[in-house]
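Chain by chain, the residues:
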Amino acid sequence: MANHGPSYGLSRELQKKNDARFVLEEAIEVLTWIENVTGERFPFDVTTCESSTDVSNLLKDGVMLCKLMEKLDPQCRVVYNKKPKMAFPMMENISNFLAAAKRFGVMEISCFQTVDLYENKQCYKVIECLRLLAAVAQMRSTHLDHPAWVVKLAQSSPRQFPEAVMRRGEMVIPLQYGTNKCASQKGMSPYGLPRQIKPDPHG
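Fair warning: this is a prediction, and the values are worked out from it, not measured in the lab. (Residues numbered from 1 in each chain as written. Predicted model: local features only at pLDDT ≥ 70, side-chain atom pairs only at ≥ 80, totals over all residues. Heavy atoms only, no water.)

Q: Teacher, can you tell me more about a nonpolar patch on the surface here?
A: Nonpolar side chains collect at one region of the surface, where Phe161, Val165 and Met166 lie side by side and expose about 290 Å² of accessible area between them. Relative to the elements of secondary structure, Met166 occurs in helix α8 (residues 163-170). In this structure Met166 comes out as partly exposed when scored by relative accessible area, which is 46%. (Patch = residues over 30% accessible without salt bridge, like charges linked within 9 Å, V, L, I, M, F, W, Y side chains within 5 Å. Areas by Shrake-Rupley, 256 points an atom, 1.4 Å probe, with all protein chains shown as cover. Salt bridge = Lys/Arg side-chain N within 4 Å of Asp/Glu carboxyl O. Helix = DSSP H or I, 4+ residues; strand = E, 2+ residues; numbered from the N terminus. Buried < 20%, exposed > 50% of the residue type's maximum accessible area, 1.4 Å probe, protein only.)

Dropping the structure here:
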């Protein structure tokens, strides 16, 4: 991991906001889910993680992430370095995982950047991406069991109306065009009109 030194000013404020969005309990849930899906264990117990640094250290080589994609999608073949030692192979593994996740159905806007994980820039984005990956896997009805924290994604349910029903809708004037059933200016005199004094017809 690159050593950028301490941050100051605006960079420090942004770092504090990113750290505040990271939830350790959610990260441990995701790491446990990865272990259950892949059937393999991380180098040390995930429940002993104390910060985002510990979480990123477990995932930054990209090996477990690529194995996760192969388990979620048996048709997926992710090319990755199984024992990376240098920075470039590790970052390449992360990039290959992200590409496979997008093909699997994870929206690109929900994916993190490689440096977000490798340099622990925004670890909360990594966890959010993995949680969405679990939701997509559940939606696709994969052969694996999913934990209770996986959110069920909404699916499209298009409606088809007969032509006659659609034509009846064209005959209704929507309220955006105005209405005469609410307040009006009836009985009001125009602005600037002098008061009309008229003799009383009854004397």
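Q: What should I look at first to understand the packing of aromatic side chains in this one?
A: A ring pair, where both rings are aromatic, is described by two values, the distance of the centres and the angle of the planes. On inspection of all chains with the given rule, the structure shows two aromatic pairs. Ring geometry for Trp33 against Trp149: centres 6.1 Å apart, planes inclined by 85°, an arrangement best described as edge-to-face. On the criterion of sequence distance, the pair formed by Trp33 in helix α2 (residues 24-38) and Trp149 in the loop between α7 (123-139) and α8 is long-range, its members being 116 residues apart. Note on Trp149: relative accessible area 17%, which makes it buried. Sitting above the plane of the Tyr118 ring, Lys60 keeps its charged end 4.8 Å from the centroid. Directly above the aromatic system of Tyr80 lies the positively charged group of Lys82, at a separation of 4.8 Å from the ring centroid. (Phe/Tyr/Trp six-rings, centres within 6.5 Å; stacked < 30°, edge-to-face > 60°. Lys NZ or Arg CZ within 6 Å of the ring centre and 35° of its normal.)

Q: Where do I start with the layout of surface pockets in this structure?
A: The probe, sized like a water molecule, is rolled over the atoms to show the empty space still left. Empty space within the second largest pocket amounts to approximately 160 Å³. Along the walls of the second largest pocket sit Glu40, Arg41, Phe42, Pro43, Asn57, Leu58, Asp61, Val63, Met64 and Lys67, which together make up its complete lining. When residues in the lining of the second largest pocket are grouped by element, the largest group, three residues, is from helix α4 (residues 63-72). A breakdown of the residues in the lining of the second largest pocket according to their chemical character gives five nonpolar, one polar and four charged. (1 Å grid on protein atoms, 1.4 Å probe; cavity = no way out; pocket = protein on both sides within 12 Å on 5 of 7 lines; lining within 4 Å. Points joined across faces, edges and corners; volume = space filled by probe spheres on them. Nonpolar A, V, L, I, M, F, W, Y, C, P; charged D, E, K, R; others polar.)

Q: For this particular structure, what's the right way to read helix α3 (residues 52-59)?
A: Side chains of residues three or four places apart in an α-helix project in the same direction, reflecting 3.6 residues per turn. Listed as buried for α3 are Ser52, Val55, Ser56, Leu58 and Leu59. Buried residues in α3, looked at end-on, bunch into an arc of 155°, giving them a common side. Where α3 is buried, its residues meet α2, α4, α6 (114-118) and α7. (Arc of directions from axis to C-beta. Contact = heavy atoms within 4.5 Å.)

Q: Just to check I follow, could you spell out the nonpolar core for this structure?
A: In globular proteins that are soluble, nonpolar side chains generally tend to be buried together. Membership of the largest hydrophobic core comes to 50 residues, with the highest contact counts inside it found for Ile34, Val55, Leu59, Phe97, Leu130 and Leu133. Sorting the residues of this core by element identifies α2, α3, α4, α5 (87-104), α6 and α7 as the ones contributing at least two each. If we skip the residues at most four places from it in the chain, Leu130 touches Val30, Trp33, Ile34, Leu59, Leu65, Leu68 and Phe97. (Core = buried A, V, L, I, M, F, W, Y, C linked by side-chain atoms within 4.5 Å.)

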